[in-house]
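# Descriptive structure summary
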Amino acid sequence: MLIDFPGLTKVKDSVKEKIFFGHEPSAELIAILTVYFVQGILGLARLAVSFFLKDELLLSPAQVSALLGIVALPWIIKPVFGFISDGLPIFGYRRRPYLILSGLLGAISWVCLATIVHSSWAATLAIALGSLSVAVSDVIVDSLVVERARAESQAAAGSLQSLCWGASALGGLLTAYFSGMLLEHFTTRTVFWITASFPLIVSAVAWLIAETPIRKNTQENHSNNPLSTKHQLKQLRQAVTQKAIWLPTAFVFVWLATPTADAAFFFFSTNELHFQPEFLGRVRLVTSGASLIGIWIFQRFLKGVSFRTIFAWSTVFSSVLGMTMLLLVTHTNRALGIDDHWFSLGDSLILTVMGQIAYMPVLVLAARLCPPGVEATLFAVLMSVSNLANMVSYEFGAIIMHWLGITETNFELLWLLVIITNLSTLLPLPFIRWLPANDPQADLPSLQPAAVTNEEEPLLPNLVP
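Residues numbered from 1 in each chain as written. Predicted model: local features only at pLDDT ≥ 70, side-chain atom pairs only at ≥ 80, totals over all residues. Heavy atoms only, no water.

## Some thoughts on the packing of aromatic side chains
Applicable threshold: The pairing test for Phe, Tyr and Trp rings, Trp by its six-membered ring, is centres within 6.5 Å, and the orientation test on the planes gives stacked under 30 degrees, edge-to-face over 60, and tilted for anything in between. Put simply, DSSP H or I for four residues or longer makes a helix, DSSP E for two residues or longer makes a strand, and each gets a number counted from the N terminus. Summary of the burial criterion: residues with accessible area below 20% of their type's maximum are buried, those above 50% are exposed, and those between are partly exposed, where the area comes from a 1.4 Å probe applied to protein chains only.
According to the stated counting rule, one finds seven aromatic pairs in the structure shown. Pairing Trp-255 with Phe-311 gives two aromatic rings, centres 5.0 Å apart and planes at 85°, and the pair type is edge-to-face. With a gap of 56 residues between them, Trp-255 in helix 13 (residues 243-256) and Phe-311 in helix 16 (residues 307-322) connect regions that are remote in the sequence. Comparing Trp-255 with Phe-311 shows no difference in burial state: the two are buried. Three or more aromatic residues link up through ring pairs in this structure, and these residues are Phe-52, Trp-110 and Phe-192.

## A closer look at the packing of helix 13 against helix 19 (residues 340-369)
The criterion, for reference: Angular values range over 0 to 180 degrees, each being the angle between N-to-C directions of two axes fitted as lines to C-alpha atoms, with helices fitted over their stretch in contact. Angular relationships are summarised with four words: roughly parallel below 35 degrees, roughly antiparallel beyond 145, roughly perpendicular across 65 to 115, and oblique for the angles in between. Two helices that cross are described as forming a left-handed crossing if the nearer one is turned anticlockwise from the farther one by less than a right angle, and a right-handed crossing if clockwise. Whether two residues touch is decided by their heavy atoms; if any such pair falls within 4.5 Å, the residues are in contact. When residues are grouped by polarity, Ala, Val, Leu, Ile, Met, Phe, Trp, Tyr, Cys and Pro land in nonpolar, Asp, Glu, Lys and Arg in charged, and all others, Gly among them, in polar.
It is at 11 Å that the axes of helix 13 and helix 19 come closest, and there the two elements cross at 155°. Compared by their axis directions, helix 13 and helix 19 come out roughly antiparallel. As for how helix 13 packs across helix 19, the hand of that crossing is left-handed. Listed contacts from helix 19 to Ala-244, Ile-245, Pro-248, Val-252, Trp-255 and Leu-256 of helix 13 are Ala-358, Tyr-359, Val-362, Leu-365 and Leu-369. A class-by-class count of the residues in the contact of helix 13 with helix 19 yields eleven nonpolar, no polar and no charged.

## Regarding the pattern of salt bridges
Formally: For salt bridges, the criterion is a side-chain nitrogen of Lys or Arg within 4 Å of an Asp or Glu carboxyl oxygen.
Evaluated as defined, the whole model comprises two salt bridges. Measuring nitrogen to oxygen at the nearest pair gives 3.7 Å for the salt bridge that ties Glu-56 to Arg-189. Linking Glu-56 in helix 3 (residues 46-56) with Arg-189 in helix 10 (residues 188-195), this pair joins segments that are 133 residues apart in sequence. Given the relative accessible area of 17%, Arg-189 is considered buried. For Arg-334, the salt bridge goes to Asp-340, with nearest N and O atoms at 2.6 Å. The exposure class assigned to Asp-340 is buried, which follows from its relative accessible area of 7%.

## Quick look at the confidence of the model for the protein chain
What counts here: For every residue, the predictor assigns a confidence score, pLDDT, that lies between 0 and 100.
Averaged over every residue, the pLDDT of the protein chain is 75; the share at 70 or more is 75%. Confidence over residues 153-157 falls short of pLDDT 50; this stretch has eleven contacts with residues more than four positions distant or in other chains. Scored below 50 in pLDDT, residues 445-465 makes 40 contacts in the model with residues more than four places away or belonging to other chains.

## Points about unusual backbone geometry
Positive phi, close to 60°, is recorded for His-331, a residue that is not glycine. Along the chain, His-331 turns up in the loop between helix 17 (325-329) and helix 18 (332-335). Residue His-331 is classed as partly exposed on the basis of its relative accessible area of 24%.

## Comments concerning helix 19
Applicable threshold: In a helix, the anticipated span is given by 1.5 Å times the number of residues less one.
Here helix 19 is 30 residues long and its end C-alpha atoms lie 43 Å apart, about the 44 Å a rise of 1.5 Å per residue gives. Of all 30 residues making up helix 19, 23 are buried, and the element is well covered by its neighbours.

Structural data, given as structure tokens:
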């Protein structure tokens, strides 16, 4: 006999509303959030990898930079993984087997780092394998989120993305504290052994993903199968050539591609202000917490606000607040009686909150632009555009630093770099109308592949909600 406890029901409803943003905490949702959490907590080995390359493999900064450029390759070709997942199901499943494989690859990469890696080439291969593991799992869970986010109403738009990025930020929050503490008591290889257990969690929770196996058509009808390679390419081409998709994507690229001064500030913090690694770990802890605050603010107050409004106001506020860094680079904060450490912590917190609020609409927009059937592929393409824009941002910043003569010891014109980078963030505002005024899916016409005349045509995706 089941007994209903009104108090317990209220607790469950409160947890559902306050923690899961109104989503039913099903086993599948827990699995999705766990994958994002693991992605965040893998940062546990970030400091260990840096010390391993520097102290044990004795690599120079140039060699480390080259190695990190190589291991970032899986993130640049993320759309390929989405394409494979959407078009090449394993035993009839498009998501679950790829999650299992990604977890196993990740565990193997960290075990290799903990045992057999003793050269730069071996380290490159092992770290690249770990990067591949995270990139694949990221594509898969992104596609799962996209599939479910499409069913959200406009009023609830972004709640699922907020949940997922909150889980990742929580993992990063825990990582920020423990990554430095572990290195004080254990070797880097011991940290790698600990980290190797986390990807296996992804393989374990993959079995909780609710997925119906796809029926295979006969060979003669394969070319018209909605999951076939030929059809998928055609549908993807039709999607990316629609004005309602490429215009918002172009705006996001311009918005993220403005130059950044991050690299200069790292050297300024360590060489000029003499911030120690332990304090930089505290800054990372603060920024991780600030990301959670930004996600909460977006979910609580801004998820129903139009994309144009959020982008416009967050851009203006970020530009104005970013100018406060002038106080730090000119040491004016000292004249005001504010210690460099406290000023840096407070500034990092505020700017990270604003940055997270501004970036959440990017995720929501990308998810709602994806047509059914190629969710993983198109979402990965949109996120790769974002990653490419960030690369361009750093390259522009490097060029400006070179022009201004800013080096690891010369920071005389850093104040000018601060002004240039902050004012440049306002450049995308004239193109704000490239963003949809309301629900972006309402602006998308139906995708109707002209060459498809199969009787299964009703199964073809329709972008109109």
